[in-house]
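Examining the three-dimensional arrangement
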Amino acid sequence: MTAKVIDGTAAAENVLATVKSATQKLVADTGIQPGIAVIIVGEDPASQSYVRSKGKRAEECGFKSETYRLPADTPEADLLALIDKLNKDDSIHGFLVQLPVPDHIDDGKVIQAVDPDKDVDGFNFVNVGRLVTGQLGEAFVPCTPNGSMVLLRRALGAADLSGLNAVVVGRSNIVGKPMAHLLLAANATVTIAHSRTKDLPGLCRTADILVAAVGRPEMIKADWVKPGACVIDVGINRVPAPEKGEGKYKVVGDVAYDECAEVAGSITPVPGGVGKMTVAMLMASTLASACRKAGVEPPSY
Ligand code: NDP
């Protein structure tokens, strides 16, 4: 079998096009323009690049977009004061603090300080509670698992996963756990695996839907994959690529792509899979927040 490749780049562009046209309609009908703000503390190059991409996408979608670049030694109290200001700003419908923050700032305190109804990252306890209790219409869901679900629905052609076994490898609060709850809400039968799981290959072989969110390059091999399964690879790992030249790197997922693509029914590539969806879903969540405020049904994806 050669798997169908799930094209995250095309899906993300499709989501962004929907967000853009729904934004135009929202502005025309109600005068409400979605507003997003991103706060970054410090100079971490990867975080700076993510923040630039969020700002660029927000402008393309027709949002009001603000970026706050704070020095690495910003006191925690100053950051909390900015969060309080954005919580009260009616023109901002969603905002986030780019993680990680410097060590002297308590990231837990920062996450809980964001108004749950503007918490488009979906990390606040209130949104975690809404997701776990199945109140998806009110919840903001972390963007990476939310985007993974869009890819999954498109690959399987169905929103209802009744009767399907899903295995999620990884139990982080930002990917593994929310992914498992989204799959459960879609009626899949879900198992969460982690570093203490016994016979991980055997467990993975039971999965009609296999989600890898581990952070270990190409850990999942072809003989872990049930023939015909849908494989969603969330992993982003930078590994040496001597074939590209001395000191060069490449990005691979948590799934050994070439061999698993011979067994799976559908599979996301890395790059070009889940990674492209994260920023697109951040825009979708910000639009949803503005729609909720306007009493308008947000688009589905
Ligand atoms: P974490 O490090 O927070 O979690 C990794 C999880 O994998 C843990 O639950 C850990 O188990 C589990 N794990 C580690 N080793 C093994 C093993 N040998 N066998 C089974 N389980 C194992 O990572 P994240 O969830 O934040 O990220 C996972 C991957 O997804 C990373 O590659 C990251 O770069 C990528 N990512 C991609 C995003 C995107 O935009 N596409 C966004 C976020 C992350 P335990 O809990 O027992 O330690």
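Attention here is on the structure that accompanies the text.

The rules behind the values
Think of each chain on its own: its residues are numbered from 1, step by step along the sequence as written. Whole-chain, interface and lining totals are the exception, using all residues; otherwise, since this is a predicted model, local features are given only for residues with pLDDT of at least 70 and side-chain atom pairs are given and counted only at 80 or more. Heavy atoms throughout the structure, all of them, feed into the side-chain values; hydrogens and water do not. Each helix is a run of H or I in the DSSP string that is no shorter than four residues. Each strand is a run of E no shorter than two, and both are numbered from the N terminus. Note on exposure labels: buried denotes an accessible area under 20% of the residue type's maximum, exposed denotes more than 50%, and partly exposed covers the range between, all computed with a 1.4 Å probe on protein chains only. We place a 1 Å grid over just the protein atoms. Points where a 1.4 Å probe fits but has no way out form a cavity, open points with protein on both sides within 12 Å along at least 5 of 7 lines form a pocket, and any residue with an atom within 4 Å of a point lines it. Grid points are joined across faces, edges and corners, and a volume is the space filled by probe spheres set on the points. Residues are sorted three ways: Asp, Glu, Lys and Arg are charged, Ala, Val, Leu, Ile, Met, Phe, Trp, Tyr, Cys and Pro are nonpolar, and all the rest, Gly among them, are polar. Domain borders in the structure are assigned automatically or taken from a domain database. Take the buried Ala, Val, Leu, Ile, Met, Phe, Trp, Tyr and Cys residues and link them wherever side-chain atoms come within 4.5 Å; each set so joined is a nonpolar core. For this analysis, residues touch if any pair of their heavy atoms sits within 4.5 Å. The criterion for strand pairing is that DSSP finds at least two bridges linking the strands in question. A fitted line through C-alpha atoms serves as each axis, taken over the contacting stretch for helices, and the angle formed by two N-to-C directions is quoted from 0 to 180°. Residue proximity to a molecule or strand is established when one non-hydrogen atom of the residue lies within 4 Å of it. Throughout this description, a polar contact denotes any pair of N or O atoms lying within 3.5 Å of each other; where both atoms belong to protein, one of them has to be capable of donating a hydrogen while the other can accept it, and for residues adjacent in sequence the pair is counted only when both atoms sit in side chains. Each accessible area is a Shrake-Rupley result for a 1.4 Å probe, and residues are judged covered by the shown protein chains and nothing else. Salt bridges are defined as contacts in which a side-chain nitrogen from Lys or Arg sits within 4 Å of a carboxyl oxygen from Asp or Glu.

Let us now look at unusual backbone geometry. Residue Leu99 is joined to Pro100 through a cis peptide bond whose omega torsion reads 0 degrees. Here the bond from Val270 into Pro271 is cis, since omega is -5 degrees, no more than 30 degrees from zero. With respect to the helices and strands, Pro271 occurs in the loop between strand 11 (266–267) and helix 10 (277–294). Despite not being glycine, Asp199 shows a phi value in the positive range, around 45 degrees. Looking at where Asp199 falls in the secondary structure, it is placed in the loop between strand 6 (189–193) and helix 8 (200–204). Of note, Glu218 is a non-glycine position whose phi angle comes to about 55 degrees, a positive value. Along the chain, Glu218 turns up in the loop between strand 7 (209–212) and strand 8 (230–233). Residue classification places Glu218 among the partly exposed positions, given a relative accessible area of 33%.

Taken as a whole, the largest pocket spans an internal volume of roughly 1400 Å³. If you go around the largest pocket, you meet 48 residues; those closest to its centre are Tyr50, Thr144, Ile236, Gly275 and Thr278. Of all the secondary structure elements, the ones that give two or more residues to the lining of the largest pocket are helix 1 (8–30), helix 2 (45–61), strand 4 (94–97), helix 6 (143–156) and helix 10. In terms of residues, the lining of the largest pocket owes the most to one element, helix 2, which gives 8 residues. Classifying every residue of the lining of the largest pocket gives 26 nonpolar, 13 polar and 9 charged. Inspection of the lining of the largest pocket shows a minimum of three residues originating in each of domain 1 (27–139) and domain 2 (143–276).

Moving on to the nonpolar core. Val15, Val19, Leu152, Leu183, Ile232 and Met283 are the most contacted members of the largest nonpolar core, which totals 55 residues. Here this core gets 10 residues from one element, more than from any other, and that element is helix 10. Of the domains in this structure, domain 1 (27–139) and domain 2 (143–276) are the two that each give at least three residues to this core. Ignoring any residue separated from it by four or fewer positions in sequence, one finds Met283 in contact with Leu16, Val19, Ile36, Lys54, Arg57, Ala58, Cys61 and Phe63. The next biggest cluster of nonpolar side chains, apart from the first, holds 22 residues, and it includes Val169, Ala207, Val225 and Ala261.

Here 3 strands make up an open sheet; going across it, the order is 3-2-4 and the pairing parallel. Bordering the open sheet on either side are strand 3 (64–70) and strand 4, each of which pairs with just one other strand. Sheet twist, expressed as the average angle between the axes of neighbouring strands with direction ignored, equals 10 degrees. By the bridge criterion, 4 bridges tie strand 2 (residues 35–41) to strand 4 in an arrangement that is parallel. Looking across to strand 4, one finds that Ile39 is bridged to Val97. Sitting on the sheet, helix 2 is in contact with strand 2, strand 3 and strand 4, with an inclination near 160 degrees to strand 3.

Further remarks concern the site of the ligand. The immediate surroundings of the ligand are formed by 22 residues, with Arg171, Ser172, Ser195, Arg216 and Thr278 found nearest. A distance of 2.7 Å is found between an oxygen atom of the ligand and a side-chain nitrogen or oxygen belonging to Arg171. Take Ile236: an N or O atom from its main chain is 3.1 Å from an oxygen atom of the ligand. Burial of the ligand by the protein amounts to 69% of the accessible area it has alone, namely 930 Å². Classifying every residue of the shell around the ligand by side-chain character gives 10 nonpolar, 10 polar and 2 charged.

On to the pattern of salt bridges, then. Counted by the stated rule, this structure contains 10 salt bridges. Here Asp29 and Lys25 are joined by a salt bridge, their closest N and O atoms 2.6 Å apart. Taken together, the positions of Asp29 and Lys25, both in helix 1 and 4 residues apart, correspond to about one turn of that helix. A relative accessible area of 51% places Asp29 in the exposed class. Assessed through its relative accessible area of 52%, Lys25 is described here as exposed.

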